[in-house]
Amino acid sequence: DWDQLLTALFSADIKKVSHEVKDLTRTLLENGLPAEGFVFDTALAGYLLDATAGNYGIDRLFASWFQEELSAPLFREPDAFTALADAGQVDASFLSWVSAVDALYDKMSAKLEETGVRELYFDIELPLCRVLAEMELMGFRVDAGALQAFGRELSGAIAALEEKIYTYAGKFNINSPKQLGEVLFDRLGLPHGKRTKTGWSTNAEVLEKLEHPIVRDVLEYRQYTKLRSTYVDGLLKVIGPDGRVRTSFQMTVTATGRLSSTEPNLQNIPTRTELGSELRRMFVPAPGCVLVDADYSQIELRLLAHISGDGAMQEAFRSGEDFHAVTASHVFGVPLDQVTGAMRRAAKAVNFGIVYGISAFSLSQDLGVSAAEARAYMDAYFARFPGVKKYMEDVVARSRETGYVETLFHRRRALPEIKASKFATRSFGERVALNMPIQGTAADIIKLAMVKVFRRLRGEGLKARLIMQVHDELIVECPESEMERVKSLLAEEMEGAFPLAVPLTAEAHSGGNWLEAK
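Residues numbered from 1 in each chain as written. Predicted model: local features only at pLDDT ≥ 70, side-chain atom pairs only at ≥ 80, totals over all residues. Heavy atoms only, no water.

K.L.:
What's the story with the overall build of the protein chain in this structure? I'm lost.
P.N.:
A tally of helices and strands in the protein chain yields 22 helices and 14 strands. At 26 Å, the protein chain has a C-alpha radius of gyration in line with the 24 Å of a compact globule built from 518 residues. Excluding contacts between residues fewer than 6 apart, the proportion of contacts in the protein chain whose partners are at least 24 apart in sequence is 65%. For the protein chain, the centre of its 59 positive side-chain charges and the centre of its 71 negative side-chain charges are spaced 5 Å apart. (Helix = DSSP H or I, 4+ residues; strand = E, 2+ residues; numbered from the N terminus. Rg over C-alpha atoms; globule rule 2.2 N^0.38 Å. Contact = heavy atoms within 4.5 Å. Lys, Arg positive; Asp, Glu negative; His and termini not counted. Charge placed at Lys NZ, Arg CZ, Asp CG, Glu CD.)

Below is the structure:
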């Protein structure tokens, strides 16, 4: 019967080429069918071969690779299929889809080999389809009662802020940028920027520069209303009958290789504010289970040390000292034991700014110092880590020659911007050239770790399941009895995912909710 046919077709015995394998795998598993034997995914291949195309639909890929519209089937051996179509047993559009996959498979296989991304594709991206499909099906349990209570708490805080804001300027619609601009700049006479077609600009960047108590309250009001609408109301709408929220992981969206999460976006839950962090308390394990959360420590800086080959930076990481404090010691010229909290915070901004190709002006804005001071910090940094400076110069020059940048796993990003005549576009290209190899390699490593963790949990017969990934962080839900084993397994697989010249460190913690486990 039909079920037996599908069971045979999607078993490991029959090797299959398809399009968007992760979504197909999820559908098969949802319907109790096997989802094995996928040896190629044309959407994923299209993404690896052109990370900035933005659309990997079968029609667009076919048009791009063959310079013609997808219409009639194009099989190399079409007889059996055309016979089925003529008999009205197979839809013609389905035949077109199958023939496009068939034709693309041929061309893309050779191109993956040619561009050196074969291992990345077959060892990381393709196996990850199964991992993500199972994570999506598993979902993340949410305490709806606690979330509703949090929503009521936010509503109370929002109402109190509204009243406070009205005491400065009378009643107006705080959510209307036009009315807010009139209140701040016309009625209260605060310094303003440029007037747009709709009124004064009131974005966060503009407001943060103003000194008046109303501004702090408006920013807080915005933060609370966003928390309530996007996260509290948004999550309550999508909790399933089993109390779990299921996100979709997007594999072909970012140019760096990072995964993104949509409908709902669980990677974007705010963590920088105390109230935003409270949302993580609402994410809980099933009864009798705990959450185990592990994340990489400073993976991007460790990758910078590895890729740049800077001996002093590598030694700093091997020593096990606090790297931000070590940097502060050099930047500010003080012994390590005299580094203050403020110095460490400034050094941290320098460290991460360097990774993202920050300018002295932007750094000065971040630190609230003059551009000359920020430049002095950067000069001191490069004097201590000259290999980083050389790497930065080399990677920009190389990308200008080749027209692309790549990760340690050869994930490529085309970089036409680096040759642009316009300064702003060219500067953007240079920042991408500096950052993409680091951020992209971090994305490759966490994906590899996910595949290894998934296989190990299965291989050891554990009930633990990987349920979430947020950039450098993995979350596993497991029975309490498996907790210690899972903590050590997660740390082992993450730390051993890929050999670097400096230690990759990952710390695993557990708890009764996401906030506790973090």
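K.L.:
Would you explain the packing of aromatic side chains in this entry?
P.N.:
Note on aromatic pairs: each is described by the distance of the centres and the angle between the planes. Under the definition given, this model contains 18 aromatic pairs. Both rings, one in Tyr-47 and one in Tyr-56, keep their centres 5.7 Å apart while their planes meet at 85°; by these two values the pair is edge-to-face. Residue Tyr-47 is classed as buried on the basis of its relative accessible area of 1%. According to the relative accessible area criterion, Tyr-56 is buried, its value standing at 5%. The structure contains a cluster of three or more aromatic residues connected by ring pairs, namely Phe-317, Phe-323, Tyr-381, Phe-382 and Phe-385. Over the face of the ring belonging to Phe-38 we find Lys-16, whose NZ or CZ atom lies 5.5 Å from the ring centre. Directly above the aromatic system of Phe-382 lies the positively charged group of Lys-389, at a separation of 4.8 Å from the ring centroid. (Phe/Tyr/Trp six-rings, centres within 6.5 Å; stacked < 30°, edge-to-face > 60°. Buried < 20%, exposed > 50% of the residue type's maximum accessible area, 1.4 Å probe, protein only. Lys NZ or Arg CZ within 6 Å of the ring centre and 35° of its normal.)

K.L.:
How do you make sense of the sheet that holds strand E14 (residues 506–511) when you look at a structure like this?
P.N.:
Backbone-to-backbone hydrogen bonds join strands into a sheet, with any given pair of strands oriented parallel or antiparallel. Reading across from one edge, E12-E13-E9-E14 is the order of the 4 strands in this open sheet, with antiparallel pairing throughout. Because the sheet does not close on itself, it has two edges, and the strands there are strand E12 (465–470) and E14. Geometrically, the sheet is characterised by an average inter-axis angle of 20° between neighbouring strands, direction not taken into account. Pairing analysis gives 6 bridges linking strand E9 (residues 289–296) to E14, with the strands arranged antiparallel. (Pairing = 2+ DSSP bridges. Axes fitted to C-alpha atoms, helices over the stretch in contact; angles between N-to-C directions.)

K.L.:
Even after reading the chapter, I still don't get the pairing of E9, so can you show me in this structure?
P.N.:
A regular strand places its side chains so that they alternate between the two faces of the sheet. Along E9, 7 of the 8 residues are buried, which leaves the element largely enclosed by surrounding structure. Where E9 meets strand E13 (residues 473–479), 7 bridges bridge the pair, whose relative direction is antiparallel. Residue pairing for E13: Asp-295 is matched across the bridge by Glu-473.

K.L.:
How do you make sense of the pattern of salt bridges when you look at a structure like this?
P.N.:
Opposite charge on two side chains lets them pair, provided their charged atoms get close. Under the counting rule described, the total for this entry stands at 31 salt bridges. Between Arg-281 and Glu-278 there is a salt bridge; the shortest N-O distance is 3.1 Å. A salt bridge links Arg-344 to Asp-322; the shortest N-O distance between them is 2.7 Å. Here Asp-322 lies in the loop between helix H14 (311–318) and helix H15 (323–332) and Arg-344 lies in helix H16 (residues 341–355), a separation of 22 residues in the sequence. The exposure class assigned to Asp-322 is partly exposed, which follows from its relative accessible area of 32%. When salt bridges that share partners are traced, they join Arg-456, Glu-460, Arg-485, Glu-492 and Glu-493 into one network. (Salt bridge = Lys/Arg side-chain N within 4 Å of Asp/Glu carboxyl O.)

K.L.:
Even after reading the chapter, I still don't get the side chain of Gln-439, so can you show me in this structure?
P.N.:
Within the secondary structure layout, Gln-439 lies in helix H20 (residues 423–459). Of note is the side chain of Gln-439, whose polar atom sits 3.3 Å from the side chain of Tyr-356. For Gln-439, the residues in contact, after removing those within four places along its chain, are Thr-256, Arg-258, Glu-300 and Tyr-356. (Polar contact = N/O pair within 3.5 Å; in protein donor to acceptor, adjacent residues only side chain to side chain.)

K.L.:
Explanation requested: the packing of helix H18 (residues 371–384) against helix H19 (residues 386–402) in the structure shown.
P.N.:
Two measures define how a pair of helices packs: the angle their axes make with one another and the distance between the axes. The contact between H18 and H19 brings their axes to 4 Å, and the two run at 100°. On the basis of the axis angle, H18 is roughly perpendicular to H19. Of H19, the residues touching H18 (which contributes Tyr-381, Phe-382, Ala-383 and Arg-384) are Pro-386, Val-388, Lys-389 and Met-392. (Parallel < 35°, antiparallel > 145°, perpendicular 65-115°, else oblique.)

K.L.:
How should I be thinking about H16 in this particular structure?
P.N.:
Residues spaced three or four apart along an α-helix point in a common direction, a consequence of the helix completing one turn every 3.6 residues. For H16, which comprises 15 residues, the first-to-last C-alpha distance of 21 Å matches the rise-based estimate of 21 Å (1.5 Å per residue) to within 8%. Where H16 is concerned, the buried positions are Met-343, Ala-346, Ala-347, Val-350, Asn-351, Gly-353, Ile-354 and Val-355. Those residues of H16 that are buried are in contact with helix H13 (299–308), H15, helix H17 (360–367), H18, H19 and H20. Looking one or two residues beyond H16, the residue adopting positive phi is Gly-357, at roughly 70°. (Expected span 1.5 Å × (residues − 1).)

K.L.:
Sorry if this is basic, but what is going on with the environment of Ala-443 here?
P.N.:
By the element assignment, Ala-443 lies in helix H20. Residue Ala-443 is classed as buried on the basis of its relative accessible area of 5%. Sequence separation between Ala-443 and Thr-262 is 181 residues; the distance between their C-alpha atoms is 18 Å. When residues no more than four places from it in sequence are discounted, the contact partners of Ala-443 are Thr-256, Gly-257 and Arg-258.

K.L.:
Explain the nonpolar core here, please?
P.N.:
One recurring pattern in soluble globular proteins is that nonpolar side chains are buried together. With 149 residues, the main nonpolar core has Tyr-296 and Tyr-381 as its most contacted residues. Looking at which element gives the most residues to this core, the answer is H20, with 15 residues. Among residues more than four places away in sequence, those in contact with Tyr-296 are Ile-445, Ile-446, Ala-449, Asp-472, Met-494, Glu-495, Ala-497, Leu-504, Thr-505 and Ala-506. Among the nonpolar cores identified, the runner-up in size contains 5 residues, and Ala-328, Val-334, Met-343 and Ala-347 belong to it. (Core = buried A, V, L, I, M, F, W, Y, C linked by side-chain atoms within 4.5 Å.)

K.L.:
What is the right way to read the confidence of the model for the protein chain from this model?
P.N.:
Atom-level detail of predicted coordinates should not be read off regions where pLDDT is low. Confidence along the protein chain averages 92 in pLDDT terms, with 96% of residues attaining 70 or more. Note that pLDDT drops below 50 for residues 75–81; the model gives that stretch 8 contacts with residues more than four away or on any other chain. (pLDDT = per-residue confidence, 0-100.)

K.L.:
Would you mind showing me how to read the environment of Glu-211 here?
P.N.:
Mapped onto the secondary structure, Glu-211 falls in the loop between helix H10 (204–207) and helix H11 (213–238). Between the C-alpha atoms of Glu-211 and Leu-190, which are 21 residues apart in sequence, the distance is 8.3 Å.

K.L.:
Is there a simple way to explain helix H9 (residues 177–187) in this structure?
P.N.:
Listed as buried for H9 are Leu-180, Gly-181, Val-183, Leu-184 and Phe-185. What you see down the axis of H9 is that its buried residues fit within an arc of 165°, all on one side. Where H9 is buried, its residues contact helix H8 (144–169), strand E5 (199–200), H10 and H11. (Arc of directions from axis to C-beta.)

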